[in-house]
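# Residue-level structural notes
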Amino acid sequence: MTLVTALQDRVTGQIVVPGDPDYEDARRVYNFMIDNRPAAIVRCANVSDVRATVAYARERGADLAIRGGGHSVPGYGTGDGAIVADLSAMSQVVIDPEHRTARVGGGATWAAFNDAAAVHGLATTGGIVSTTGVGGLTLGGGIGYLSRANGLTCDSLISAEVVLADGQFVTASETSESELFWALRGGGGNFGVVTEFEFRLHPIGEIYCGLMFFEPADAAAIFRYFREFIADAPRQYGGYPAWHQAPPLPFIPQDRVGEPFCVVVSCWTGDHGEGDRVIGTFREVATPAAELVGPMPYPAINTLFDELVPRGLQNYWKTVFVDELTDEAIAAHVEHGPRVPAPSSGMHLYPINGACHDVPADATAFGNRSASYACNIIGIWPDPADNAANTQWVRDYYAALTPHSRAGGYTNFSSADDEQRAKDNYGTAYGRLEQAKRRYDPDNVLHLNQNIPPT
Ligand SMILES: Cc1cc2nc3c(=O)[nH]c(=O)nc-3n(C[C@H](O)[C@H](O)[C@H](O)COP(=O)(O)OP(=O)(O)OC[C@H]3O[C@@H](n4cnc5c(N)ncnc54)[C@H](O)[C@@H]3O)c2cc1C
């Protein structure tokens, strides 16, 4: 019996195998630097399909890849010769406005979630690009514009429906499989396949947004101001300093497109007049070369970067957690940031204070919670011929920040060559995560992730 027949007997979703017309597209994930050829992609339609796929991969001793939104830069949603459980068809989003909760399928994207919740003036912390999967982002922790107001994404998780590696189907919450629930909130895809997430939602109306492009010569002053400002900024402020080349947008002077700028990206969830005043304080530090400041719907700010970073480009990222944005670290940013080599590349320095620090460090498996920032050096470019130059920029920037950073970085921003950093990336949670792995996946069936091998 062929693989496809044997599997198709057990699942209702479509199975794509080599030779099928859509195999070339289905085998690919967001990062086209990943060029794996899985044995089959199972487009799971329901929980029963997920259970059958997990069981089938186990029986065959095949690698099992779980794909939510497919955004993992190391390409964990695929694998050479692997069976892929593709959850993208399990993308339902059901909002309960009365109780301010959402039930979200394990393969949904933030676009679907944000849009459905915004109808009711609600949201939870999500990623800044709408095509990213809710699954991988939540399981790794989840950092976004609302982190300072509402905590990490995983802090708003109420429960999860999970297919375990041995095929059991369980609910994880504070009161059911509580150790699994702890591990899912930061431990990545190591512990089970989440078929549905239940989130707490927060009232979020129209936001006030700011994109301010500052000259590289003003960058040191902007970073120093941001350091003071963010330490006790109102929690309605979610935003970060960044480096980017100026994109071809109407508010950018045409002769400056493609030049590097220090960008302050701001999202304000409170009163708009107050937001205008708070965001305006950056103008007292330096005059922006270009800016776009004004109200917009919350889902819209999470699409601002979508076109800049489409699926299908080459991706190589590096990340560090930072306790203090020292003058030395700022000097490294000011040296390497302006060398940003491609329009889609950049650096984002996300604060993780405010509500993120209300949650006790050991309450979830996000093991570097006490850090002040998660820094992401983002290499994204179109042509594989340029891989060497672009990865070198990321590596040089990372090397310059390393002496001023924690040993670990945010698992969700790591690249495939960061696997040896897993212990540092999971930080203080690592030992307990190892125990949870022994309990929930002792054979390491779920190993295509930032892996925690059972010891
Ligand atoms: C353009 C872009 C923007 C990003 N922006 C942000 C951001 O603003 N904030 C942030 O915190 N992160 C961000 N990230 C990082 C993002 O959190 C990770 O890439 C994350 O892994 C993406 O999840 P996914 O479901 O799309 O990925 P996938 O590649 O599908 O999965 C990633 C990992 O999670 C596992 N997984 C996914 N879904 C499930 C599930 N339902 N059950 C069990 N395991 C699952 C997979 O097995 C894999 O190990 C961004 C990434 C990209 C590429």
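As a reminder, the structure under discussion sits directly above these lines.
Residues numbered from 1 in each chain as written. Predicted model: local features only at pLDDT ≥ 70, side-chain atom pairs only at ≥ 80, totals over all residues. Heavy atoms only, no water.

### Things to note about the pattern of salt bridges
Counted under the stated rule, the structure contains 27 salt bridges. For Glu179, the salt bridge identified is with Arg432, shortest N-O distance 2.8 Å. Pair noted here: Glu179 is in helix H7 (residues 178-184) and Arg432 is in helix H14 (residues 430-440), with a separation of 253 residues, a long-range link. On the accessibility criterion, Arg432 (32% relative accessible area) is partly exposed. Here Arg277 ties to Glu274 by a salt bridge, and the two come within 3.2 Å at their closest N and O atoms. Pair noted here: Arg277 and Glu274 are both in helix H9 (residues 272-280), with a separation of three residues, about one helical turn. Each of the salt bridges in this network shares a partner with another, and the network as a whole consists of Glu24, Arg27, Arg28, Asp35 and Arg37. (Salt bridge = Lys/Arg side-chain N within 4 Å of Asp/Glu carboxyl O. Helix = DSSP H or I, 4+ residues; strand = E, 2+ residues; numbered from the N terminus. Buried < 20%, exposed > 50% of the residue type's maximum accessible area, 1.4 Å probe, protein only.)

### As for the site of the ligand
Taken together, 32 residues form the shell around the ligand, and within it Ile66, Gly68, Gly70, Ile143 and Tyr410 come nearest. A distance of 2.7 Å separates an oxygen atom of the ligand from a polar atom in the backbone of Gly70. Put simply, the parts of the chain that give the shell around the ligand at least two residues each are strand E3 (64-67), helix H5 (134-140) and strand E10 (193-200). The dominant element in the shell around the ligand, judged by the number of residues it contributes, is H5, at four residues. (Near = heavy atom within 4 Å. Polar contact = N/O pair within 3.5 Å; in protein donor to acceptor, adjacent residues only side chain to side chain.)

### Some remarks on the packing of aromatic side chains
If you walk through the whole model with that rule in mind, you get 23 aromatic pairs. Arranged with centres 4.6 Å apart and planes meeting at 85 degrees, the rings of Tyr410 and Phe413 form a pair that is edge-to-face. Classification of Tyr410 by relative accessible area gives buried; the value is 2%. Each residue in the set Tyr145, Tyr240, Trp317, Phe321, Tyr350, Phe366, Tyr410 and Phe413 is aromatic and connected to the rest through ring pairs, giving one cluster. One Lys or Arg, Arg28, reaches over the ring of Phe32 and ends 4.3 Å from the middle of that ring. Directly above the ring of Tyr398 sits Lys318, whose terminal nitrogen or CZ lies 5.2 Å from the centroid. (Phe/Tyr/Trp six-rings, centres within 6.5 Å; stacked < 30°, edge-to-face > 60°. Lys NZ or Arg CZ within 6 Å of the ring centre and 35° of its normal.)

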